[in-house]
Amino acid sequence: MPQKKISIRIDGELISALEGQTILQAAKANGKYIPTLCDLDGLTSVGACRICLVEVSGSERLFPACTTPIQEGMSVTTNSPKLTRYRRISVELLLIERNHVCAVCVSNGHCELQTMASALGIGTVGLAYNFPKLSIDMSHPRFVLDHNRCILCTRCVRVCAELEGAHMWELTSRGIHARIVSEMNEQWGKATSCTSCGKCVHACPTGALAEKGWAVEEMVKKIDAVTSLVHRRGAQV
Amino acid sequence: MKKVKVATVWLDGCSGCHMSLLDMDAAIISLGRKIDLVYGPLVDAQEFPEDVDVTLVEGAVSSQDDLNKVQKIRQRTNILISLGDCAVTGNVPAMRNSIPVQKLLQRIYVDGADEKKGVPSERVPALLKQARPLREFVKVDICLPGCPPPSKTIVGVINDLLDGKKPNGNLKVKFG
Ligand code: SF4
Ligand code: SF4
Ligand code: FES
């Protein structure tokens, strides 16, 4: 049965979209940009980062575009001073929670968090830095997991489970104690379910997952390889 | 025309921000006509002067001496600029922050030393528990992130201030 078409407005412009699509999917299909960090084309959306917040007329609260389904007659605003303020807060919280030392990071210059901070004009943060003591897992022969740079977007978890089918990564604990863990909290290098495909590394928006052997600024992620694989396989999410 | 008094300060940083400031090529000639460099690693003055118009601070606040300095500088400066990632975020100097100071000094000056083992105690300022960004101690008027911030950005901001313009939120910023 063909999907029903419905009409919504995005920034005042009337567009037609498919029932069941999220605001983000409808926006993308119509060439409208909404900033995102945790969302990755072709994977399930989880609404972890809150960068994609949009305003929906008739409601005071803000909605994550990546997880909110469209409804007939909905009117969405993707950009406003209020949204910029909230998006900034979200990025600032990510920057202070762990240790983002861009100057010595493998992903410096190619990092989605760093780029998002610049795009939002963040030249300093308003809150005190947390400076937590975090570990680095170097046990895998080819890859590194550096918790200092992780923003808990769970792209690695989803790409491993949904695209590679290995489901090696998981999330443990809650709030500020939450961590990405490999195979039942085993060292990555000892994880038998890891196929060493590297999809998680290339799906990771920051320097948290990287290939070994690269110096500062040298880790360039092949994000397009991941998303084009999704489309070529015709993954339905 | 009265020259604008500018000071620069080097706290816990690598001096890269000062290098970037100096990297302005010919712009230094026209800037030199409009400003008086009254204090900093590039000039001789021993004491931080009263009534400075603009002060650029490089580096994180890392020792008791740094903290005393920035408090005095804040009192004596009209516009205080946090120059570079160390001053703005803590950056590389802050990578020591999860290690207790005693353990850190022991590792470097005793375990890591080949000769003259021992933690220095005289004529060196005591380290603070953590190296932290400038704005956590004093009010900062402008933040210029970057490691280092591009020379053009620094000169642009100084020139804006000389023209009486407030460098606005459209300033291009990037950490790292
Ligand atoms: S992961 Fe990105 S934001 Fe974090 S230190 Fe590396 S470059 Fe900077
Ligand atoms: S390791 Fe990377 S992909 Fe995984 S949750 Fe952290 S930032 Fe996201
Ligand atoms: S992209 Fe929607 S919450 Fe992260």
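Residues numbered from 1 in each chain as written. Chains lettered and ligands numbered in written order. Predicted model: local features only at pLDDT ≥ 70, side-chain atom pairs only at ≥ 80, totals over all residues. Heavy atoms only, no water.

A. Here's a closer look at the overall build of chain A. If you tally the helices and strands in chain A, you get 6 helices and 10 strands. In terms of overall size, chain A behaves like a compact globule, its C-alpha atoms giving a radius of gyration of 19 Å where 237 residues would be expected to give roughly 18 Å. With respect to the principal axes defined by its C-alpha atoms, chain A has extents near 50 × 45 × 30 Å. In chain A, which comprises 237 residues, the share counted as buried stands at 50%. Considering only intrachain contacts with a sequence separation of at least 6, the fraction spanning at least 24 residues in chain A is 61%. (Helix = DSSP H or I, 4+ residues; strand = E, 2+ residues; numbered from the N terminus. Rg over C-alpha atoms; globule rule 2.2 N^0.38 Å. Buried < 20%, exposed > 50% of the residue type's maximum accessible area, 1.4 Å probe, protein only. Contact = heavy atoms within 4.5 Å.)

B. Region of interest: the overall build of chain B. Along the backbone of chain B there are 6 helices and 7 strands. Start at the N end of chain B and walk to the C end: the helices and strands fall as β-α-α-β-β-β-α-β-α-α-β-β-α. Its C-alpha atoms give chain B a radius of gyration of 17 Å, near enough to 16 Å, the size a compact globule of 176 residues would have. Dimensions of chain B, computed from the C-alpha atoms along their principal axes, are close to 55 × 35 × 30 Å. Relative to its 176 residues, chain B shows a buried fraction of 45%.

C. A look at the nonpolar core. With 41 residues, the main nonpolar core has Leu-37, Val-91, Leu-95, Leu-113 and Ile-122 of chain A together with Leu-134 of chain B as its most contacted residues. Looking at this core, the elements that each hand over two or more residues are α2 (81-97) and α3 (112-119) of chain A together with β1 (4-10), β2 (35-39), β3 (52-58) and α3 (64-76) of chain B. Per-domain counts for this core show at least three residues from each of domain 1 (5-79) and domain 2 (97-236) of chain A. If we ignore the near neighbours within four places in the chain, the residues touching Leu-95 of chain A are His-100, Leu-113, Ala-117, Ile-122, Val-125 and Tyr-129 of chain A together with Phe-175 of chain B. The next biggest cluster of nonpolar side chains, apart from the first, holds 31 residues, and it includes Phe-143, Leu-145, Val-159 and Leu-209 of chain A. (Core = buried A, V, L, I, M, F, W, Y, C linked by side-chain atoms within 4.5 Å. Domains from an automatic or database assignment.)

D. Representation of the interface of chain A and chain B in the model. At the junction of the two partners, chain A supplies 21 residues and chain B supplies 21 residues. Considering only the surface of chain A that becomes buried against chain B, Gly-123, Tyr-129 and Phe-131 of chain A emerge as the three largest contributors, covering 34% of it. Summed over the shared surface of chain A and chain B, the number is 0 salt bridges. At the boundary of chain A and chain B, one finds 7 residue pairs in polar contact (both at pLDDT 80 or more). If you tally residues by element for the side of chain A that touches chain B, the top one is α3 of chain A, at 3 residues. (Buried area = accessible area lost by both parts, 1.4 Å probe. Salt bridge = Lys/Arg side-chain N within 4 Å of Asp/Glu carboxyl O. Polar contact = N/O pair within 3.5 Å; in protein donor to acceptor, adjacent residues only side chain to side chain.)

E. Highlighting the site of ligand 2. Around ligand 2, 13 residues are found, and the nearest of them are Cys-150, Cys-153, Thr-154, Cys-156 and Cys-204 of chain A. Partitioning the shell around ligand 2 into residue classes produces 10 nonpolar, 2 polar and 1 charged. (Near = heavy atom within 4 Å. Nonpolar A, V, L, I, M, F, W, Y, C, P; charged D, E, K, R; others polar.)

F. View of the packing of aromatic side chains. In the structure shown here, the tally under the stated rule is 4 aromatic pairs over all chains. The interplanar angle of 25° and the centroid separation of 5.6 Å between the aromatic rings of Tyr-129 of chain A and Phe-131 of chain A together place this pair among those described as stacked. Owing to a relative accessible area of 10%, Tyr-129 of chain A belongs among the buried residues under this scheme. With centroids separated by 5.0 Å and ring planes inclined at 65°, the aromatic side chains of Tyr-39 of chain B and Phe-48 of chain B adopt a geometry described as edge-to-face. Of the two residues, Tyr-39 of chain B and Phe-48 of chain B, neither departs from the other in class, the shared state being buried. (Phe/Tyr/Trp six-rings, centres within 6.5 Å; stacked < 30°, edge-to-face > 60°.)

G. How the structure looks around a nonpolar patch on the surface. On the surface, a nonpolar cluster with roughly 400 Å² of combined accessible area is contributed by Leu-22, Ile-28, Ile-29, Leu-37 and Leu-42 of chain B. Here Ile-29 of chain B shows up in helix α2 (residues 27-34). (Patch = residues over 30% accessible without salt bridge, like charges linked within 9 Å, V, L, I, M, F, W, Y side chains within 5 Å. Areas by Shrake-Rupley, 256 points an atom, 1.4 Å probe, with all protein chains shown as cover.)

H. Representation of the site of ligand 1. Lining the immediate surroundings of ligand 1 are His-100, Val-101, Cys-102, Cys-105, Ser-107, Asn-108, Cys-111, Leu-113, Gln-114, Arg-149, Thr-206 and Gly-207 of chain A. Residues of the shell around ligand 1, tallied by class, amount to 5 nonpolar, 6 polar and 1 charged.

I. The packing of α2 of chain B against helix α6 (residues 151-162) of chain B, seen in detail. Residues and elements named next belong to chain B. One can describe the packing of α2 onto α6 by two numbers: an axis separation of 12 Å at closest approach and a directional angle of 30°. Relative to α6, the element α2 lies roughly parallel. Crossing handedness for the pair α2 and α6: left-handed. Residues Ala-27, Leu-31 and Lys-34 of α2 touch α6, and the partners they reach there are Val-155, Ile-158, Asn-159 and Leu-162. Residue classes in the contact of α2 with α6 are distributed as 5 nonpolar, 1 polar and 1 charged. (Axes fitted to C-alpha atoms, helices over the stretch in contact; angles between N-to-C directions. Parallel < 35°, antiparallel > 145°, perpendicular 65-115°, else oblique. Left-handed = near helix turned anticlockwise from the far one by under 90°.)

J. Summary view of the confidence of the model for chain B. The predicted model of chain B averages 94 in pLDDT, with 98% of residues at 70 or higher. Across the predicted assembly, pTM comes out at 0.95 and ipTM at 0.93. (pLDDT = per-residue confidence, 0-100.)

K. Molecular detail of the domain arrangement of chain A. Residues and elements named next belong to chain A. When its domains are assigned, chain A resolves into domain 1 (5-79) and domain 2 (97-236). The C-alpha-based centres of domain 1 and domain 2 are spaced at 25 Å. Each partner contributes residues to the interface: domain 1 has 15 residues there, and domain 2 has 18 residues. Summed over both sides, the interface between domain 1 and domain 2 buries roughly 1300 Å², with carbon and sulfur atoms accounting for 66% of that surface. Of all residues in domain 1, Leu-37, Leu-40 and Leu-43 give up the largest surface area on contact with domain 2, accounting jointly for 48% of the area buried on that side.

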